[in-house]
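# Results of the structural survey
Single-letter residue listing:
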Amino acid sequence: MKAYLKFCDLLVKGVEYLTGVLLVAMSASTCWQVISRHVLQKSSVWTQDCSLFLFVWVVLLGSAAAAYGGKHISVTLIADILPEPLRTIVSYFAQVCVLGCSILIMTTGWTYFLQNLGTRSSGWVISLGFPTFALPLGGALMLLLSIGAIVKHIVKNKEEKK
């Protein structure tokens with residue numbers, strides 16, 4: 001279990017780094033879009049698609065990293081007032097829900113990726129397979145890292161009981 005957690009830690013660091021690089025590239029693309037449109041009076045054709053595609057990747061990779069860190073949006077109002085054994089059950093249930101969502105994103109994303117593989121972007125002459133591949137990859141990463149979050153939770157509970 002500890003080896004899997006080390007793997008997850010390294011994977012999250014890599015995903016966070018890649019997400020940061022993509023976020024900077026997305027910001028640069030958006031800035032160039034504004035400059036070319038409003039300053040140069042000639043809109044770039046590729047910048048809107050580039051920003052959109054990078055946004056999709058940032059969201060899905062960031063969601064995978066958030067799954068491992070337990071940073072997905074959650075309403076803890078009820079869980080916070082429950083006694084500890086019930087709070088743990090609710091926590092595991094929430095993590096299982098994230099697992100289910102990640103499986104859904106991965107499987108439907110794979111189908112969507114295959115459907116869009118031959119379609120070309122209008123602004124950029126690239127396959128729409130590039131941005132849609134973020135769905136199955138992000139779902140798979142979220143699945144791996146959600147399992148890691150559950151393992152981390154189990155290890156933490158075992159250590160607290162010692």
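Above: the structure in question.
An account of the accompanying structure is given in this report.

### Re the overall build of the chain
- The helix and strand inventory of the chain stands at 6 helices and 0 strands.
- Rg of the C-alpha trace for the chain: 20 Å, well past the compact-globule value of 15 Å for 162 residues, more than 25% over.
- Expressed along its principal axes, the backbone C-alpha trace of the chain runs to roughly 65 × 35 × 30 Å.
- When each of the 162 residues of the chain is scored for burial, the buried share is 35%.
- Here the analysis covers contacts within the chain between residues at least 6 apart in sequence; of these, 73% occur between residues at least 24 apart.
- On the chain, roughly 10,200 Å² of surface is accessible, and the fraction owed to carbon and sulfur atoms is 73%.
- Taken as two groups, the 13 positive and 7 negative side-chain charges of the chain have centres that lie 5 Å from each other.

### Quick look at the environment of Trp-32
- Its location among the elements puts Trp-32 in helix α1 (residues 2-39).
- For Trp-32, a relative accessible area of 35% corresponds to the partly exposed category.
- For the pair Trp-32 and Ser-44, spaced 12 residues apart in the sequence, the C-alpha separation amounts to 8.0 Å.
- Ignoring any residue separated from it by four or fewer positions in sequence, one finds Trp-32 in contact with Leu-40, Ser-44, Trp-46 and Thr-47.

### Considerations on the nonpolar core
- If you look at the biggest cluster of nonpolar residues, it comprises 22 residues, and the most contacted ones within it are Leu-22, Leu-61, Tyr-68 and Leu-145.
- Mapped onto this core, the elements with two or more residues apiece are α1, α2 (47-69) and α6 (134-161).
- Considering every element that reaches this core, the biggest residue donor is α2, with 10 residues.
- Ignoring anything within four residues of it in the chain, the contact list for Leu-145 reads Cys-8, Leu-11, Val-12, Ala-64, Ala-65, Ala-67 and Tyr-68.

Rules used throughout
Residues numbered from 1 in each chain as written. Predicted model: local features only at pLDDT ≥ 70, side-chain atom pairs only at ≥ 80, totals over all residues. Heavy atoms only, no water. Helix = DSSP H or I, 4+ residues; strand = E, 2+ residues; numbered from the N terminus. Rg over C-alpha atoms; globule rule 2.2 N^0.38 Å. Buried < 20%, exposed > 50% of the residue type's maximum accessible area, 1.4 Å probe, protein only. Contact = heavy atoms within 4.5 Å. Areas by Shrake-Rupley, 256 points an atom, 1.4 Å probe, with all protein chains shown as cover. Lys, Arg positive; Asp, Glu negative; His and termini not counted. Charge placed at Lys NZ, Arg CZ, Asp CG, Glu CD. Core = buried A, V, L, I, M, F, W, Y, C linked by side-chain atoms within 4.5 Å.

By themselves, these figures tell us nothing about what the structure is for.
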